[in-house]
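Spelled out, the chains give:
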Amino acid sequence: MVTEKDIWEHLEQISDPEIPVLSIVDLGIVRTVSITDDCCIVTITPTYSGCPAMNVIQEDIIKLLSPTIDTKVEMTLSPAWTTDWMSENGRNKLREYGIAPPEHEVDKSVLFAKPTVVPCPKCKSSHTKMISQFGSTACKAHYQCLDCLEPFDYFKCLK
Amino acid sequence: MTTQEAFYNYIVRLGDDSLILGQRISEWCGHGPILEEDIALTNIALDLIGQTTNLFELAVQIEGKGKDVDQLAFLRLEKEYTNLLLVEQPNVDFGYTIVRQFFFDVFRKLTFEALCQSSDEKLAAIAEKSLKEIKYHLKHSSEWVIRLGDGTEESHTRVQAAVNTLWKFTNELFYQDEVDQKVIELGLGVDTSLFKEAWQLHVEKVFTEATLTIPANTWQHEGGRKGTHTEHLGYLLSEMQYMQRAYQNMEW
Ligand SMILES: [Zn+2]
């Protein structure tokens, strides 16, 4: 008999296709797992409304679990995902992978506000510069380190 | 008009705004003035299309005829689209694109802030989710309006020209008819007249910093909510609908 705990462990194997180092559990997009009458319902939530990875993630979950148990994936929008849902483990993995994990909140209403200081994931210098609020995917901003000069992605804070 | 019909139309209008603007901005893909802006604009387009998907999924549920969201997005005729005229206007240049975006972002933010209190839980959830994205969009467009307006003579002239041309589509943002009355009564939708002043003040504040001026006494156009569009929408739709019409029911 599979338990909900087993399912959660299984789900650790599924990674976000855009940030393969993060599992969907680390990312905090798996909301609930419930088993009823030999059927498993996994509820997930998108990071951004237009996140193109959601369909792939949904298929991956079904592919992984259906040999063990009948699986349905449901989508919920509320409460909306924020970067606070990301696990500490996830944040560490991101940093090792070369993506700076989300820092505290930027006030989006203040124009030309000083962008958040994001330490360089390569050399740890906090002498970095935001190049663009919008990066290679919806969840990232684009930064550059002014010491080692490496450009890097910042997983931007969403609150 | 029943409540169900009014709520359906209301949601489709909200979805059409982001669908058409998202499609319009995506024309910048590969043509942005600088790489970072190419990426920014396509990210914003993606957010808007994502918001549309959520709204249309809600719309087809309300309608209850088992329609697919792609049918709604891609297989209607021009007169069946109910987006604001502002969002279908052509890109022209980067300044024009930014001004159009700015007008829309201020409006969308105020609308969705209010929609977080909708008596429909699903719509409130979509609003809450979308709002997090819209705040980034608004910061982006506001900062560019200021940079370009208070920039060089060339950039100032161009964005001021964009403001002069686009201003005539801004009154329509606050258009309301029997659809709105019905959803407002039931607390499902929001009364945009309540924040018309807030919209104007926000725009003026940014324009002051940008050294831009609002043109006086421009004729105001409307018709989008009833399916009467400017000539630009037809061209946009023919490109957007091509794949679905040529290969019916295709999926990516
Ligand atoms: Zn560095």
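Residues numbered from 1 in each chain as written. Chains lettered and ligands numbered in written order. Predicted model: local features only at pLDDT ≥ 70, side-chain atom pairs only at ≥ 80, totals over all residues. Heavy atoms only, no water.

### Thoughts on the overall build of chain A
Right, so step 1: What chain A contains, in helices and strands, is four helices and nine strands.
Right, so step 2: Ordered by position from N to C terminus, the α and β elements of chain A give α-β-β-α-β-β-α-β-α-β-β-β-β.
Right, so step 3: By residue count, 50% of the 159 residues in chain A fall in the buried class.
Right, so step 4: Taking contacts inside chain A between residues at least 6 apart in sequence as the whole, the part at least 24 apart equals 53%. (Helix = DSSP H or I, 4+ residues; strand = E, 2+ residues; numbered from the N terminus. Buried < 20%, exposed > 50% of the residue type's maximum accessible area, 1.4 Å probe, protein only. Contact = heavy atoms within 4.5 Å.)

### Brief notes about the sheet that holds strand β6 (residues 99-100) of chain A
Strand pairing in a sheet relies on backbone hydrogen bonds, with the paired strands running either antiparallel or parallel.
Residue and element names in this part refer to chain A.
Right, so step 1: Reading across the sheet, the four strands line up as β6-β9-β8-β7 and stay open at both edges, with mixed pairing between neighbours. Since the sheet does not close on itself, it has two edges, and those belong to β6 and β7 (128-132), each with one partner.
Right, so step 2: In this structure, strand β8 (residues 140-145) lies alongside strand β9 (residues 151-155), joined through five bridges in antiparallel fashion. Bridging from a neighbouring strand, K140 pairs with F155 of β9. (Pairing = 2+ DSSP bridges.)

### With respect to the coordination of the zinc ion
Residues and elements named next belong to chain A.
Right, so step 1: In this structure, C120 (SG), C123 (SG), C145 (SG) and C148 (SG) serve as the protein donors to the zinc ion, at separations of 2.3 Å.
Right, so step 2: One way to put it: the four donor atoms around the zinc ion meet at angles of 104 to 116 degrees, and that makes the site tetrahedral.
Right, so step 3: Considered as a linear motif, the donors of the zinc ion on their single chain read C-x2-C-x21-C-x2-C.
Right, so step 4: Accessibility expressed as a relative area gives 0% for C145, which makes it buried.
Right, so step 5: Here C148 falls in the partly exposed class, since its relative accessible area comes to 31%. (Donors = N, O, S within 2.8 Å, 3.2 Å for Na, K, Ca; no water. Tetrahedral: all angles 85-135°; square planar, octahedral: opposite > 155°, others 65-115°.)

### Concerning helix α7 (residues 153-166) of chain B
Residues and elements named next belong to chain B.
Right, so step 1: The first and last C-alpha atoms of α7 sit 20 Å apart over 14 residues, in line with the 20 Å expected at 1.5 Å per residue.
Right, so step 2: Among the residues of α7, those classed as buried are S155, V159, Q160, A162, V163 and L166. Viewed end-on, α7 has its buried residues packed into an arc of 155 degrees, placing them on one side of the element. Away from its buried face by more than 90 degrees, α7 exposes E153 and T157. (Expected span 1.5 Å × (residues − 1). Arc of directions from axis to C-beta.)

### Here's the deal with the interface of chain B and chain A
Right, so step 1: Counting residues at the interface gives 27 residues for chain B and 28 residues for chain A.
Right, so step 2: At the boundary of chain B and chain A, one finds zero salt bridges.
Right, so step 3: Summed over the shared surface of chain B and chain A, the result is eight residue pairs in polar contact (both at pLDDT 80 or more).
Right, so step 4: Going through the elements one at a time, α2 (35-63) and α6 (121-149) of chain B are the ones with two or more residues in the side of chain B that touches chain A.
Right, so step 5: When residues of the side of chain B that touches chain A are assigned to their parent elements, the largest contribution, 16 residues, is made by α6(B).
Right, so step 6: In the side of chain B that touches chain A, the residues fall into nine nonpolar, eight polar and ten charged. (Salt bridge = Lys/Arg side-chain N within 4 Å of Asp/Glu carboxyl O. Polar contact = N/O pair within 3.5 Å; in protein donor to acceptor, adjacent residues only side chain to side chain. Nonpolar A, V, L, I, M, F, W, Y, C, P; charged D, E, K, R; others polar.)

### A few points about the confidence of the model for chain A
Right, so step 1: Across chain A, the average pLDDT comes to 90, with 97% of residues at 70 or higher.
Right, so step 2: Ranking the elements of chain A by mean pLDDT puts β7(A) last, at 91, and strand β4 (residues 39-44) of chain A first, at 95. (pLDDT = per-residue confidence, 0-100.)

### A short note on the pattern of salt bridges
All names here are of chain B.
Right, so step 1: Following the criterion strictly, the structure yields 18 salt bridges over all chains and no others.
Right, so step 2: In this structure, the salt-bridge partner of R76 is D16, at a minimum N-O distance of 2.7 Å. You can see R76 sitting in the loop between α3 (69-74) and α4 (85-88) and its partner D16 sitting in helix α1 (residues 3-26), a full 60 residues away along the chain. Across the pair, exposure class does not vary: R76 and D16 are buried alike.
Right, so step 3: For the salt bridge of K226 with E178, the shortest nitrogen-to-oxygen distance reads 3.1 Å. Of this pair, K226 sits in the loop between α9 (196-209) and α10 (232-246) while E178 sits in helix α8 (residues 178-185); the two residues are 48 residues apart in sequence, bridging distant segments of the chain.
Right, so step 4: We classify K226 as partly exposed; its relative accessible area is 47%.
Right, so step 5: Its relative accessible area of 38% is what places E178 among the partly exposed residues.

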